[in-house]
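# An overview of the molecular structure
What follows is the residue order along each chain.
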Amino acid sequence: MATPSLPAAGFGRRIATQLDRTFAIVDYEVRKLRRDPSELLLRAVQPALWLLVFGEVFTQVHVIPTGNLTYLQFLAPGVLSQSVLFIAIFYGIASIRERELGIIYKFLVSPASRISLVTGKALSASVRGLSQATIVYLLAVALGVHPSLDPLDILGVLVAVVLGASLFATLSMIIASLVKTQERFLGIGQLLTMPLFFASSAIYPISIMPTWLRPIAYANPLTYLVDAVRKLMIPASTSVFPLGVDFAVLLGATIVLILVESRLYPRMAQ
Amino acid sequence: MSTLVAQSITRVFGRFTAVDHISFEVGEGEVFGILGPNGAGKTTTIKVLTTLLPLTSGTATVAGFDVVREPARVRGVIGYVPQLISADPLVTGYDNLRVFARLYQVPRAERDARIESALEFMGLSEFARTPVKYYSGGMIRRLEIAQALLHRPRILFLDEPTVGLDPVARDAVWGQIERLREEFRTSVVLTTHYMEEADRLCDRLAIMHRGRIVASGPPSSLKADMGTPGATLEDVFAHFAGEGLDTGVGFRETQRTRRTAIRLE
């Protein structure tokens, strides 16, 4: 007969158990993604258009001051970050689907802690983010942006992408937990993406924003993602914050959001 | 010792009392049925016992663990098959079980053997590598039960296990539940509104109506208590919950029940 899986084990072992459960969720989500990778290819079209059309045109007209960088060099890290935002911000739809099917009940009656379930989902979203980042990086190379090919810089970009995707995916799951239906969720998702995108340094520097917009940009997590990715991808760029600050903000915000969502997630089953 | 003890459990939603001070016990290897019309409080009862919903008042223990104070321990010893579909159509039957084997910490060395034996028990071995979207309704239900058995739970909660299934598939599910009791002495709590199901499977029944248990006992004694020779379970049900056919179930629950039924066809 079964023995309960929470013996009086040490703290370390309990953490290891919950981490294993987190990766069980990631493994499961990646298996789902592998069955239907078409979504990832479709998702690559939009960043390609931003770089090829928007980027090329604004490179010609020189209206946005980007210092020592070409506009395309300035824009590529912004588009990379934006594509991570766009793929993650609708991730909550998966929770709603799982609730409508009934799968969510099974997860919630399992002994996995709510934090490990939510973290697993957030990290799964970052797998999608990583595939986007890879495509944009390759595009950037092809367009002559000369992104850094230093392994440490690339590793840094990947870590930033994982954090950024987890952050926005968790935000998305929070919205899903609150509104619970697809229609309302999609409405709010649409409402959020554009302000997050435009109130960040993705396509123009914060220095040219009107003063009222700047505090919003500083409160916007996307700004920190763009800042970190830009500095790592284009080392000649000038960053707004030190890299340490960018990563600390991304990590801190992700942790806070995961804690909030692990309180809200069980409500999906009520 | 009883595997499940519920004492005066109550769940209130706003002004609506879905479960109203009900008490019952389920012994080891016993199949306990909760019978009642839609909206009687069956699903809410299951949800509070499986830790999905907090109790408003009352106490309940499962395998000696308190559902309010020790929810994580309770979760480790129960299996649950919700009324809605809980298998993911996008991945294979095997992958559906694999994630739960890991969530329940089935040791890595045993994992594959445990998954295979659960699939075999439910008669799904040859479909292990087939995506669930190609399964029939009966196969999906059996897969869900296999999923809930992976960690060898002490007690299995089945919420309307055969809703929307054709008679052949229904009979197969009934057969598996009977084998489960015989081979593993697993206790089962199931909700249903099919009299035939209650009659065939359940050692004891509780008839729920408007959040309360209005009658309980073995099916035979419930029928005998009617006093009319040849009384059926339908008669018992009609007697206790007869005027309850329209208990004001909301649009949402009706929609969900029907959707499940359609998907399972």
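Residues numbered from 1 in each chain as written. Chains lettered and ligands numbered in written order. Predicted model: local features only at pLDDT ≥ 70, side-chain atom pairs only at ≥ 80, totals over all residues. Heavy atoms only, no water.

This part is about the overall build of chain A. Within chain A one finds twelve helices and zero strands. Taking 2.2 N^0.38 as the reference for a compact globule, 270 residues should give roughly 18 Å; the C-alpha atoms of chain A span a radius of gyration of 20 Å, in line with that estimate. Of all 270 residues assigned to chain A, the portion counted as buried reaches 55%. Of the contacts formed within chain A by residues at least 6 apart in sequence, a portion of 77% connects residues at least 24 apart. As displayed, chain A has an accessible area near 11300 Å², and 70% of this comes from carbon and sulfur atoms. For chain A, the centre of its 21 positive side-chain charges and the centre of its 14 negative side-chain charges are spaced 10 Å apart. (Helix = DSSP H or I, 4+ residues; strand = E, 2+ residues; numbered from the N terminus. Rg over C-alpha atoms; globule rule 2.2 N^0.38 Å. Buried < 20%, exposed > 50% of the residue type's maximum accessible area, 1.4 Å probe, protein only. Contact = heavy atoms within 4.5 Å. Areas by Shrake-Rupley, 256 points an atom, 1.4 Å probe, with all protein chains shown as cover. Lys, Arg positive; Asp, Glu negative; His and termini not counted. Charge placed at Lys NZ, Arg CZ, Asp CG, Glu CD.)

This brings us to the confidence of the model for chain B. Residues and elements named next belong to chain B. Taken over all residues, the pLDDT of chain B has a mean of 89, while the share at 70 or more is 91%. Considering each helix and strand of chain B separately, the mean pLDDT is smallest for helix α10 (residues 251-264), with a value of 63, and largest for strand β5 (residues 65-66), with 97. Across the interfaces of the predicted complex, the ipTM metric reaches 0.87, alongside a pTM of 0.89. (pLDDT = per-residue confidence, 0-100.)

Residue and element names in this part refer to chain B. With mixed pairing, the six strands of this open sheet are ordered in space as β6-β7-β8-β3-β9-β10. The open sheet has two edge strands, β6 (78-81) and β10 (212-217), and neither has a second partner. This sheet shows a mean twist of 15 degrees between the axes of neighbouring strands, independent of strand direction. Strand direction decides the pairing type here: β6 and strand β7 (residues 155-159), joined by four bridges, are parallel. When the bridges of β7 are listed, I78 appears paired with I155. Strands in contact with helix α5 (residues 137-149) are β6 and β7; relative to β6, the strand with the most contacts, it is inclined by about 165 degrees. Across the sheet, helix α9 (residues 233-241) lies against β3 (31-35), β9 (204-209) and β10, angled at about 35 degrees from β9, the strand it touches most. (Pairing = 2+ DSSP bridges. Axes fitted to C-alpha atoms, helices over the stretch in contact; angles between N-to-C directions.)

What follows is about the side chain of S126(A). All names here are of chain A. With respect to the element layout, S126 can be found in helix α7 (residues 114-142). In this structure S126 comes out as buried when scored by relative accessible area, which is 3%. Not counting the four nearest positions on each side in its chain, S126 is found in contact with V162, A165 and S166.

Residue and element names in this part refer to chain A. Assignment of secondary structure puts N220 in the loop between α10 (214-219) and α11 (221-233). N220 gets classed as buried once you look at its relative accessible area, which sits at 4%. The spacing of N220 and A199 is 21 residues in sequence and 7.2 Å in space, taken between C-alpha atoms. At 2.9 Å, the side chain of N220 and the backbone nitrogen of L222 are in polar contact. (Polar contact = N/O pair within 3.5 Å; in protein donor to acceptor, adjacent residues only side chain to side chain.)

Below, the discussion takes up the packing of helix α8 (residues 151-179) of chain A against helix α9 (residues 182-198) of chain A. Residue and element names in this part refer to chain A. Between α8 and α9, the least distance of the axes is 10 Å, while the angle of their chain directions is 145 degrees. Here α8 runs over α9; the crossing is right-handed. Contacts from F168, S172, I175, A176 and V179 in α8 reach R184, F185, I188, L192 and L196 in α9. Of the residues belonging to the contact of α8 with α9, the class tally is eight nonpolar, one polar and one charged. (Left-handed = near helix turned anticlockwise from the far one by under 90°. Nonpolar A, V, L, I, M, F, W, Y, C, P; charged D, E, K, R; others polar.)

This part is about the interface of chain A and chain B. Every contact between the two is made by 33 residues of chain A and, on the other side, 46 residues of chain B. With both chains or domains summed, chain A and chain B bury close to 3800 Å², and 58% of this area falls on carbon and sulfur atoms. It is Y105(A), K106(A) and V109(A) in chain A that bury the most area against chain B; as a group they hold 19% of the surface buried on that side. Counting the contacts that link chain A with chain B gives five salt bridges. Among the salt bridges present, the one from D88(B) reaches R97(A), with a minimum N-O distance of 2.8 Å. Where chain A touches chain B, the interface holds 14 residue pairs in polar contact (both at pLDDT 80 or more). Secondary-structure elements contributing two or more residues to the side of chain A that touches chain B are α1 (11-35), α5 (92-101), α6 (103-109) and α7 of chain A. Element by element, the count of residues in the side of chain A that touches chain B is highest for α1(A), at eleven residues. Partitioning the side of chain A that touches chain B into residue classes produces 18 nonpolar, four polar and eleven charged. (Buried area = accessible area lost by both parts, 1.4 Å probe. Salt bridge = Lys/Arg side-chain N within 4 Å of Asp/Glu carboxyl O.)

Attention now goes to the pattern of salt bridges. Tallying each qualifying case throughout the model produces 22 salt bridges over all chains. Its salt-bridge partner being D88(B), residue K32(A) comes within 3.1 Å of it at the nearest N-O pair. Linking K32(A) in helix α1 with D88(B) in the loop between β6 and α3 (93-103), this pair reaches from one chain into another. What makes D88(B) buried here is its relative accessible area of 0%. For the salt bridge of R181(B) with D203(B), the shortest nitrogen-to-oxygen distance reads 2.9 Å. Pair noted here: R181(B) is in helix α6 (residues 167-184) and D203(B) is in the loop between α7 (195-201) and β9, with a separation of 22 residues, a long-range link. By relative accessible area, which is 16% here, R181(B) ends up buried. Taken together, the salt bridges that share partners define one network made up of E29(A), K32(A), R97(A), E98(A), K121(A) and D88(B).

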